[in-house]
Amino acid sequence: GKTTLVLGGGVGGVVVANRLRRRLGREHRVVLVDREDKHYFAPSFPWVMVGWRKVDSPVRPLSRLEKKGIEFVQGSVTGIDLEARKVHTDTAVLDWDYLVVALGTEMEPDAVPGMAETAHGYYTLDGAAKLHEALQTFDGGKIAVGIAGIPYRCPAAPYEGALLIDHLIRKRGLRDSV
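Note that the coordinates shown come from a computational prediction; the quantities given were computed from them, not determined experimentally. (Residues numbered from 1 in each chain as written. Predicted model: local features only at pLDDT ≥ 70, side-chain atom pairs only at ≥ 80, totals over all residues. Heavy atoms only, no water.)

*Asks:* Mind showing me how you'd approach the nonpolar core here?
*Replies:* For soluble globular proteins, nonpolar side chains are generally found buried alongside one another. In this structure, Met49, Tyr122, Ala128 and Leu135 are the most contacted members of the largest nonpolar core, which totals 18 residues. At the level of secondary structure, the elements contributing two or more residues to this core comprise helix H2 (45-49), helix H4 (125-137) and helix H5 (157-171). Among the elements that take part in this core, H5 stands out by supplying five residues, more than any other. The residues contacting Leu135, other than those within four sequence positions of it, are Met49, Ile143, Ile165, Leu168 and Arg172. Core analysis: the second largest hydrophobic core is formed by nine residues, Ala17, Val30, Leu62 and Leu65 among them. (Core = buried A, V, L, I, M, F, W, Y, C linked by side-chain atoms within 4.5 Å. Buried < 20%, exposed > 50% of the residue type's maximum accessible area, 1.4 Å probe, protein only. Helix = DSSP H or I, 4+ residues; strand = E, 2+ residues; numbered from the N terminus. Contact = heavy atoms within 4.5 Å.)

*Asks:* Even after reading the chapter, I still don't get the sheet that holds strand S2 (residues 29-34), so can you show me in this structure?
*Replies:* Whether parallel or antiparallel, the strands of a sheet pair through hydrogen bonds between backbone atoms. The four strands are arranged S5-S2-S1-S9 in an open sheet whose pairing can be described as parallel. In the strand order of this sheet, the two ends are held by strand S5 (70-74) and strand S9 (98-101), each with one partner. Within the sheet, the average angular offset between the axes of one strand and its neighbour, ignoring direction, is 20°. Where strand S1 (residues 3-7) and S9 come together, four bridges link them in parallel fashion. Within S9, the position partnered with Val6 by the bridge is Val100. This element, helix H1 (residues 11-23), spans S1, S2, S5 and S9 of the sheet and lies at about 170° to S2. (Pairing = 2+ DSSP bridges. Axes fitted to C-alpha atoms, helices over the stretch in contact; angles between N-to-C directions.)

*Asks:* Just to check I follow, could you spell out a positive patch on the surface for this structure?
*Replies:* Among the surface-exposed residues, Arg19, Arg22, Arg23, Arg60, Arg64, Lys67 and Lys68 lie close enough to one another that they form a single positively charged patch. If you tally residues by element for the positive patch, the top one is H1, at three residues. Turning to its location among the elements, Lys67 is positioned in the loop between strand S4 (59-61) and S5. (Patch = residues over 30% accessible without salt bridge, like charges linked within 9 Å, V, L, I, M, F, W, Y side chains within 5 Å. Areas by Shrake-Rupley, 256 points an atom, 1.4 Å probe, with all protein chains shown as cover. Salt bridge = Lys/Arg side-chain N within 4 Å of Asp/Glu carboxyl O. Lys, Arg positive; Asp, Glu negative; His and termini not counted. Charge placed at Lys NZ, Arg CZ, Asp CG, Glu CD.)

*Asks:* Is there a simple way to think about the environment of Met107 in this case?
*Replies:* Among the secondary structure elements, Met107 is positioned in the loop between S9 and helix H3 (115-118). Judged by relative accessible area, which is 38%, Met107 ranks as partly exposed. Discounting residues that sit within four places of it in the chain, Met107 has contacts with Tyr123, Thr124 and Arg153.

*Asks:* Would you mind going over the side chain of Arg21 with me for this structure?
*Replies:* Looking at the secondary structure, you find Arg21 in helix H1. The charged side chain of Arg21 is buried without a salt bridge, its nearest counter-charge being Glu27 at 6.6 Å. A distance of 3.4 Å separates a polar side-chain atom of Arg21 from the backbone oxygen of Leu24. The residues contacting Arg21, other than those within four sequence positions of it, are Arg26, His28, Arg29, Val30, Lys68, Gly69 and Ile70. (Polar contact = N/O pair within 3.5 Å; in protein donor to acceptor, adjacent residues only side chain to side chain.)

*Asks:* Teacher, can you tell me more about the pattern of salt bridges here?
*Replies:* A side chain with one charge can pair with a side chain of the opposite charge if their charged atoms come near. On inspection of all chains with the given rule, the structure shows seven salt bridges. The salt bridge involving Asp95 is made with Lys86; its shortest N-O contact spans 2.5 Å. Among the salt bridges present, the one from Asp126 reaches Lys130, with a minimum N-O distance of 3.1 Å. Of this pair, Asp126 and Lys130 both sit in helix H4, separated by four residues, roughly a single helical turn. Looking at Lys130, the relative accessible area reads 44%, which means it is partly exposed. When salt bridges that share partners are traced, they join Asp166, Arg170 and Arg175 into one network.

Shown next as structure tokens:
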């Protein structure tokens, strides 16, 4: 059989690994590589922000994929050798016949002066939980939903976030003071 490496345990990587496993015969290996040992279902982060999900609900161990026949290797990708068909991680060197790169994006709040110190975000689980706490004590003023640069993760998320925050503020009876 052949080996397909899927780099990245986010939504894209997990979906691709699952679909490949369902479509390929068992003689083929599907191996998912991620630096984290958990999958964070980012589409639920806005719901954590407004309290519709608990902070631990969008988190699952990536090792659960092994029950489906998907191998999991925890490690940070340090290099890709296209000629030799090898992926180097900080824990292993992995051979592949087919390679899927779904490493996602990295947030850089320090790239915007003052953002890391003063702003809240919901593109991470920790950020969504902290924003939820802040919204619970918010009693009026200004809220800005900003996009610091392009490209950015999930183009619909700023709109969804703004609408969910508006819904929460209306529900709390604060809309006239925001």
